[in-house]
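Coordinate analysis (summary)
Now for the letters of each chain:
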Amino acid sequence: MEIQDWKTIGFGYRKTNLNVRCYYKNGEWGELQLSDSEYLNIHMAATSLHYGQEAFEGLKAFKGKDGKVRVFRMDENAKRMQHSSDGILMPHVPIETFKEAVKLAVKKNIEFVPPYGSGASLYIRPLLIGVGPEIGVRPSQEYLFIVFVMPVGPYFPEGFKPTDLLIMRQFDRAAPLGTGKYKVGGNYAASLTAGKKAKAEGYSAVLYLDAREKKYLDECGPANFFGIKNNTYITPKSESILPSITNKSIIQIAEDMGLKVERRQVPVEELETFEEVGACGTAAVISPIKRVYDADEDKEYLYGNEPGTWSTKLYEKLRAIQDGDAPDPYGWVTVIE
Ligand code: PLP
Ligand code: COI
């Protein structure tokens, strides 16, 4: 593909060569296996199908100017999948198994890693599902861990161009003591209606408020929220949001650039005071926001049509580390050998 085509590929499923699979049976994990099938043959009473016993991850690999392929922070994704597993009673995929599966999946599909400078990357999707049959609501005895990959463009098609977010109080994505902090499918099913409505009205995502009081900002669809003012990077602290690895990385970069960082409850009204606002995540990278519309209050918050100075600096530094253009003092990238 030409660079121009890579720029417009969007964020969608694409078939690649091989995927990696590993079964858990009789209390233990088997060997990694390669498959060229895009399909699974699982029991119709599998717990993942009925009771949502499934967790997934999302991470990316990037091709550098030097031709090397780098995977970003896969140990963090491995740990988060274990955390999600704890939340819905699935066995841990061992960290080493997770990392080996990711490396193997990238290696076997290396020709699908988009070229340096294309703005596209290889999206890696690890998935853990209950495959054993149960009809009572209880955890499965058997599991399947899969890693598949595909080339993608930015999640919000505008890429690094600012977009709009929508606040609606009639929808919640996750309950305060529920599963919002785990990367499990049910949270995403719960977000489909609100997400569809927001997109139909021209917004890139829903900006969810805390479900208990509707007073504080939670997160934006498939990404965390941040606001910047007075040289301070501010991001919500909440029990019902996914702990974003991108956000954690930006926090580190921000601190090293001399920004103050606050992780705390962020009241909705504080939107008025931010100089810059953005969404961040693996798929979203850093997506600057130009406008937040609070539909219930008929109130809009505006941040300008161009990405802000700090958002741009943070974006460029993060991407440079991922591509291998900047040193990696934190040990975040793994070169695929
Ligand atoms: N929040 C939600 C709900 C997500 O699905 C994601 C995507 O993974 C994020 C935040 C961002 O997390 P990360 O930066 O680890 O991709
Ligand atoms: C990611 O950023 O990796 C995600 O998982 C977001 C989304 C595609 C669900």
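Above: the structure in question.
Described below are features of the structure shown in this document.

Right, let's talk about the packing of aromatic side chains for a bit. What the rule picks out here adds up to 13 aromatic pairs. When the ring of Phe-226 is compared with that of Tyr-233, the centres are 5.1 Å apart and the planes differ by 25°; the resulting orientation is stacked. Take Phe-226: its relative accessible area is 0%, and that puts it in the buried class. Using a relative accessible area of 0% as the deciding quantity, one classes Tyr-233 as buried. Following the ring pairs from residue to residue traces out a cluster consisting of Phe-11, Tyr-123, Tyr-155 and Phe-156. The ring of Tyr-23 is capped by Lys-25, whose NZ or CZ atom sits 5.1 Å from the centre of that ring. Lying over the aromatic face of Trp-310, Lys-313 brings its terminal NZ or CZ to 4.4 Å of the ring centre.

What follows is about the site of ligand 1. In the neighbourhood of ligand 1, 16 residues make up the surrounding shell, with Tyr-188, Glu-219, Ser-244, Thr-246 and Thr-282 lying closest. With respect to ligand 1, the side chain of Arg-80 contributes an N or O atom lying 2.7 Å from an oxygen atom. At 2.8 Å from an oxygen atom of ligand 1 is found a side-chain nitrogen or oxygen belonging to Lys-183. Contact with the protein chains covers 97% of the free accessible surface of ligand 1, which is 380 Å². For the shell around ligand 1, the elements supplying multiple residues, two or more each, are strand E12 (223-229), helix H7 (245-256) and strand E15 (276-281).

With respect to spatial proximity, the complete set of residues near ligand 2 consists of Phe-11, Phe-56, Gly-58, Tyr-123, Arg-125, Tyr-155, Lys-183, Tyr-188, Pro-222, Thr-282 and Ala-283. For ligand 2, an oxygen atom lies 2.7 Å from a polar atom in the side chain of Tyr-123. At 2.7 Å, a side-chain N or O of Lys-183 approaches an oxygen atom of ligand 2. For ligand 2, whose unbound accessible area comes to 280 Å², protein coverage reaches 90%.

A word on the nonpolar core. In terms of nonpolar packing, the biggest core is built from 31 residues, with Val-71, Val-102, Val-106, Ile-124 and Phe-145 touching the most fellow members. At the level of elements, strand E1 (19-25), strand E5 (59-63), strand E6 (69-72), helix H3 (74-87), helix H4 (95-108), strand E7 (121-130) and strand E8 (143-152) are the ones that each hand at least two residues to this core. Tallying contributions element by element places H4 first for this core, with five residues.

Counting through the fold element by element, Glu-76 comes out in helix H3. Under the relative-accessibility criterion, Glu-76 is labelled buried at 12%. The contact partners of Glu-76, leaving out residues within four places of it in the chain, are Ile-245 and Lys-248.

Packing of H3 against H4 leaves a shortest axis separation of 9 Å and a crossing angle of 130°. Here H4 runs oblique to H3, going by the angle between their axes. Crossing handedness for the pair H3 and H4: right-handed. Across the interface between the two elements, Met-74, Asp-75, Asn-77, Ala-78, Lys-79, Met-81 and Gln-82 from H3 touch Ile-95, Phe-98, Lys-99, Val-102 and Lys-103 from H4. Partitioning the contact of H3 with H4 into residue classes produces six nonpolar, two polar and four charged.

Before going further, it helps to spend a moment on the environment of Pro-307. When you line up the elements, Pro-307 lands in the loop between strand E17 (299-302) and helix H8 (309-323). Of the residues examined, Pro-307 reaches a relative accessible area of 23% and is grouped as partly exposed. Here the alpha-carbon distance between Pro-307 and Pro-162, two residues 145 residues apart in the chain, equals 6.2 Å. Residues contacting Pro-307, with those up to four places away along its chain left out, are Phe-160, Pro-162, Pro-288 and Thr-312.

This brings us to the pairing of strand E10 (residues 205-209). Burial analysis of E10 places five of its five residues in the buried class, the great majority of the element. Where strand E9 (residues 163-167) lies against E10, two bridges are found, and the strand directions are parallel. Note on E10: the bridge partner recorded for Leu-165 is Ala-205. Pairing analysis gives two bridges linking E10 to strand E11 (residues 217-220), with the strands arranged antiparallel. Across the sheet, residue Leu-207 finds its bridge partner in E11, namely Cys-220.

In this section: unusual backbone geometry. Backbone geometry places Lys-214, a non-glycine residue, at a positive phi of 55°. Its place among the elements puts Lys-214 in the loop between E10 and E11. For Lys-214, a relative accessible area of 22% gives the class partly exposed. One non-glycine residue, Asn-231, lies in positive phi territory at about 55°.

Cut-offs used in this document
Residues numbered from 1 in each chain as written. Chains lettered and ligands numbered in written order. Predicted model: local features only at pLDDT ≥ 70, side-chain atom pairs only at ≥ 80, totals over all residues. Heavy atoms only, no water. Phe/Tyr/Trp six-rings, centres within 6.5 Å; stacked < 30°, edge-to-face > 60°. Buried < 20%, exposed > 50% of the residue type's maximum accessible area, 1.4 Å probe, protein only. Lys NZ or Arg CZ within 6 Å of the ring centre and 35° of its normal. Near = heavy atom within 4 Å. Polar contact = N/O pair within 3.5 Å; in protein donor to acceptor, adjacent residues only side chain to side chain. Areas by Shrake-Rupley, 256 points an atom, 1.4 Å probe, with all protein chains shown as cover. Helix = DSSP H or I, 4+ residues; strand = E, 2+ residues; numbered from the N terminus. Core = buried A, V, L, I, M, F, W, Y, C linked by side-chain atoms within 4.5 Å. Contact = heavy atoms within 4.5 Å. Axes fitted to C-alpha atoms, helices over the stretch in contact; angles between N-to-C directions. Parallel < 35°, antiparallel > 145°, perpendicular 65-115°, else oblique. Left-handed = near helix turned anticlockwise from the far one by under 90°. Nonpolar A, V, L, I, M, F, W, Y, C, P; charged D, E, K, R; others polar. Pairing = 2+ DSSP bridges.

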